[in-house]
Amino acid sequence: MSDVRVDLDPGNAARDLVSLVLTLIELVRQLLERQAVRRLDQADLTPEQEERLGTALMQLDAAMDDLCEHHQLRRADLNLHLGPLGPLLAEHPW
């Protein structure tokens, strides 16, 4: 049996919860970004749709920066290591 321990500190519970929520949001944001790139590569969007999509993705990225700064986290703090599967989030999505 593995001797893995979970360190629960009530003083950090709120920060840990925020970190987990932001990790999930960042994962979804990266997935949306990858899907957008696929759609751009398929050339099935109008120039107006491409512009709106690009603007929305830039705004989401800026919002993540703001949220991380507000909660004194770095994007690197959001990544979870999944053992043999590696990190959850892409370091460089492009």
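Look up: the structure comes first, before these words.
No experiment lies behind these values; they were computed from the predicted model shown.

*Asks:* How would you sum up a nonpolar patch on the surface? Please name residues and give values.
*Replies:* Taken together, the side chains of Leu 17, Leu 20, Val 21, Leu 24, Ile 25, Leu 80, Leu 82 and Leu 85 define a hydrophobic patch exposed on the protein surface, amounting to about 730 Å² of accessible area. Along the chain, the position of Val 21 falls in helix 1 (residues 13–42).

*Asks:* Give a description of helix 1 that names residues and reports values.
*Replies:* Counted at 1.5 Å a residue, the expected span for helix 1 with its 30 residues is 44 Å, and the 44 Å between its end C-alpha atoms agrees. Of all the residues in helix 1, the buried ones are Ser 19, Leu 22, Thr 23, Glu 26, Arg 29, Gln 30, Glu 33 and Ala 36. On its buried face, helix 1 is in contact with helix 2 (47–70) and helix 3 (75–78). Looking one or two residues beyond helix 1, the residue adopting positive phi is Ala 43, at roughly 55 degrees.

*Asks:* Could you give an account of the packing of helix 1 against helix 2, with specific residues and numbers?
*Replies:* One can describe the packing of helix 1 onto helix 2 by two numbers: an axis separation of 11 Å at closest approach and a directional angle of 160 degrees. The orientation of helix 1 relative to helix 2 falls into the category roughly antiparallel. The hand of the helix 1/helix 2 crossing is left-handed. Across the interface between the two elements, Leu 22, Ile 25, Glu 26, Arg 29, Leu 32, Glu 33, Ala 36 and Leu 40 of helix 1 pack against Glu 50, Leu 53, Leu 57, Leu 60, Asp 61, Met 64, Leu 67 and Cys 68 of helix 2.

Reading the values: rules and limits
Every chain is numbered on its own, with residues counted from 1 as its sequence reads. Per-residue local features are limited, in this predicted model, to residues with pLDDT of at least 70; the limit for side-chain atom pairs, both in listing and counting, is 80 or more; totals at the level of whole chains, interfaces and linings are taken over all residues. Side-chain figures throughout are based on the complete set of non-hydrogen atoms in the structure, without hydrogens or water. Patch definition: residues with relative accessible area over 30% and no salt bridge; like charges joined within 9 Å; nonpolar side chains (Val, Leu, Ile, Met, Phe, Trp, Tyr) joined within 5 Å. Computed with a 1.4 Å probe, the accessible areas rest on the Shrake-Rupley method; for each residue, only the protein chains presented here act as cover. Whenever a carboxyl oxygen of Asp or Glu lies within 4 Å of a side-chain nitrogen of Lys or Arg, that contact is scored as a salt bridge. Every helix listed is a DSSP run of H or I at least four residues long, and every strand listed is a run of E at least two residues long, numbered separately from the N terminus. Multiplying 1.5 Å by the helix residue count minus one yields the expected span of that helix. Burial classes follow relative accessibility: with a 1.4 Å probe on protein chains only, a residue under 20% of its type's maximum area counts as buried, one over 50% as exposed, and anything between as partly exposed. Only heavy atoms enter the contact rule, under which two residues are in contact if any of them lie within 4.5 Å. Angles run from 0 to 180 degrees between N-to-C directions of axes, and those axes are lines fitted to C-alpha atoms, restricted for helices to the stretch in contact. Throughout this description, any angle smaller than 35 degrees is read as roughly parallel, any larger than 145 degrees as roughly antiparallel, any in the 65 to 115 degree range as roughly perpendicular, and the remainder as oblique. Left-handed is the label given to a crossing in which the near helix is rotated counterclockwise from the far helix by less than a right angle, and right-handed is the label when the rotation is clockwise.

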